[in-house]
Amino acid sequence: MIEPDSIDLFRFVSDWHGLPDLPPSALPAGCDWLPAPLREWHILASQWSKPLMRLNQMVEPGDIEVVEGKSVFLEDAACDWRSAFDVECPSVVYESELEEDWVVSSETLQETLIHSALLEAASAGQYQRFCGRVRDARLPEVLGSLVKVNLGGWQWYNNPNCLIYMSEKIVASVEPNIDIRDSRFNTPEYVDVQIASNDSQALAYLDEIPGVGWRVTNPGLN
């Protein structure tokens, strides 16, 4: 298992998205109160001219506010689900759907930032595969030599209990095929798999696995 604190975010992002093409930008005035891991992420992300996030979005540092002791820093694209850090204990993260009660996340702030970066990478490689109905029995073949990253998982609707696996050239997200709002649509014997690489040959083995129909997305694009 890969421990999150062993992942160097700058090195990972550089390997995945290419070397930075901009100098680091200072945060707006008045952002010194933000937790160090969050400040470091925004400074890191400022060094790439292309967005590092497509699935979800970070709240701009100058727009982060304190509401009842919590500060939202990460949202899904529709702003329906969000994560917030505890102002008094910033390593503690809460999750919630809009207008619903907050629940304590199983991940720290640093782990959430790493989880976010890996999840985005799984949907942003030059070569991608997606299948929404991978049988549990086929999952070991799909994952191959990939190793699970020791993250607690989110409860967000768009990736409930999402697990991340990776190797030197591949990142994959694996989600249970469930609907947390309506159990009639649950198919627990299947999982959703999104897998990506920047190596044109790294995912070729997936096409040899019987019974799994892959949707190829963004071939050759980044």
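First, a word on scope: everything that follows refers to the structure included in this document. (Residues numbered from 1 in each chain as written. Predicted model: local features only at pLDDT ≥ 70, side-chain atom pairs only at ≥ 80, totals over all residues. Heavy atoms only, no water.)

## Some words on the nonpolar core
F12, W41, M58, F73, L118, I164 and V171 are the most contacted members of the largest nonpolar core, which has 38 residues in total. Residue assignment for this core shows that the elements contributing at least two residues are α1 (9-17), α2 (36-45), β2 (70-76), β3 (81-86), α3 (109-122) and β8 (163-166). Per element, the largest residue contribution to this core is eight residues, and it comes from α3. Not counting chain neighbours up to four residues away, the residues in contact with I164 comprise H115, L118, L119, V147, K148, V149, L151, V171, A172 and S173. Formed by 19 residues, the second largest nonpolar core is a distinct cluster that contains V134, V142, Y165 and W214. (Core = buried A, V, L, I, M, F, W, Y, C linked by side-chain atoms within 4.5 Å. Buried < 20%, exposed > 50% of the residue type's maximum accessible area, 1.4 Å probe, protein only. Helix = DSSP H or I, 4+ residues; strand = E, 2+ residues; numbered from the N terminus. Contact = heavy atoms within 4.5 Å.)

## Quick look at the packing of α1 against α3
Relative to each other, α1 and α3 sit at 10°, their axes nearing to 11 Å. Here α1 is positioned roughly parallel relative to α3, judged by the angle of their axes. Along its contact with α1, which presents L9, F12 and W16, the element α3 presents Q110, I114, A117, L118 and A121. Residue classes in the contact of α1 with α3 are distributed as seven nonpolar, one polar and no charged. (Axes fitted to C-alpha atoms, helices over the stretch in contact; angles between N-to-C directions. Parallel < 35°, antiparallel > 145°, perpendicular 65-115°, else oblique. Nonpolar A, V, L, I, M, F, W, Y, C, P; charged D, E, K, R; others polar.)

## So, the sheet that holds strand β5 (residues 103-108)
Taken together, the five strands give an open sheet; going across it, the order is β1-β2-β3-β4-β5, and neighbouring strands pair in antiparallel fashion. What marks the edges here is a single partner per strand, and that holds for β1 (56-58) and β5. The average angle at which neighbouring strand axes cross in this sheet is 35°, direction not considered. One ladder, built from three bridges, connects β1 with β2; its direction is antiparallel. Along β2, the bridge assignment pairs M58 with L74. Its contacts with the sheet put α3 on β1, β2, β4 (92-97) and β5, and the angle it makes with β5 is roughly 75°. (Pairing = 2+ DSSP bridges.)

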